[in-house]
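Structural characterization, general
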Amino acid sequence: DLDPDQGAILLNGHDVRELDPQWLRSTVGLVMQEIYLIPGSIRENILLDREMNDSEFKRILELAQLTEFINRLPDGVHTKIGEGNLDLSAGQRQLLAMARVMARNPEILVLDEATANVDSETEILVERAIEATLAKRTSIVIAHSLSTIRSSDRIIVMDSGRIIEEGTHEQLMVQKGFYHRLQNLQYSEWN
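Below: a short report on this structure. Bear in mind that the values here come from a model prediction, so they are computed numbers and not experimental data.

**With respect to the pattern of salt bridges**
Under the definition given, this model contains 7 salt bridges. Among the ionic pairs, Asp 54 bridges to Arg 43, the shortest N-O distance being 3.4 Å. In this pair, Asp 54 is assigned in helix H3 (residues 54–63) and Arg 43 in helix H2 (residues 42–47), connecting sequence segments 11 residues apart. Between Arg 93 and Asp 87 there is a salt bridge, with its nearest N and O atoms 3.7 Å apart.

Below is the structure:
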């Protein structure tokens, strides 16, 4: 449903309700906390219905930090995953989701709590994959883990559906407001 409760969502000045839904789906990529797998190979799960040459596919696997994991599998990218097959960890699923988005190469990317529930074993790999996925595109990152958004050009802090602060990480830290308190709280939890 593209109808906001109030106001309008604009994309390049156009109300999203007036845009062709198929064009919008091809323009916006979404990575959510819960990743759905189709019964099939890793390659099929990344490409879905797309065709791609091997060298481009290999580059995507590298950017998504999947190469080492896939090289350890007996059937490589042809290893079957999904229902009744190889089970992936939460972190491995997120890496696969990043590769999926890179294969689509959307202009706009929405990450919705994409780092939540990621196992510590793959957390660094997921952060690297996110960095590669966010590069050269407009990205909206919804996150409670502030490390995910630290390098963002613009951070919007919301509380109960309202914008309460806005700026870069550095600007928000200087303001010593809500974001600063959250940052310090998360930092103290990690130590």
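This is not the end of the story, as more comes after the structure.
**Here's the deal with the pairing of strand E9 (residues 162–167)**
As a general feature of sheets, a regular strand has side chains that alternate between the two faces. Pairing geometry for strand E8 (residues 155–159) and E9, over 5 bridges, is antiparallel. Within E9, the position partnered with Asp 159 by the bridge is Arg 162. Here E8 folds back onto E9 in antiparallel fashion, the turn holding 2 residues, of which Ser 160 has a positive phi close to 55 degrees.

**Considerations on unusual backbone geometry**
Positive phi is not limited to glycine here, since Gln 65 has a value of about 65 degrees. With respect to the helices, strands and loops of the structure, Gln 65 is situated in the loop between H3 and helix H4 (67–71). According to the relative accessible area criterion, Gln 65 is partly exposed, its value standing at 22%. Even without being a glycine, Ser 160 presents a positive backbone phi close to 55 degrees. Secondary-structure assignment places Ser 160 in the loop between E8 and E9. Ser 160 gets classed as exposed once you look at its relative accessible area, which sits at 73%.

Cut-offs used in this document
Residues numbered from 1 in each chain as written. Predicted model: local features only at pLDDT ≥ 70, side-chain atom pairs only at ≥ 80, totals over all residues. Heavy atoms only, no water. Salt bridge = Lys/Arg side-chain N within 4 Å of Asp/Glu carboxyl O. Helix = DSSP H or I, 4+ residues; strand = E, 2+ residues; numbered from the N terminus. Pairing = 2+ DSSP bridges. Buried < 20%, exposed > 50% of the residue type's maximum accessible area, 1.4 Å probe, protein only.

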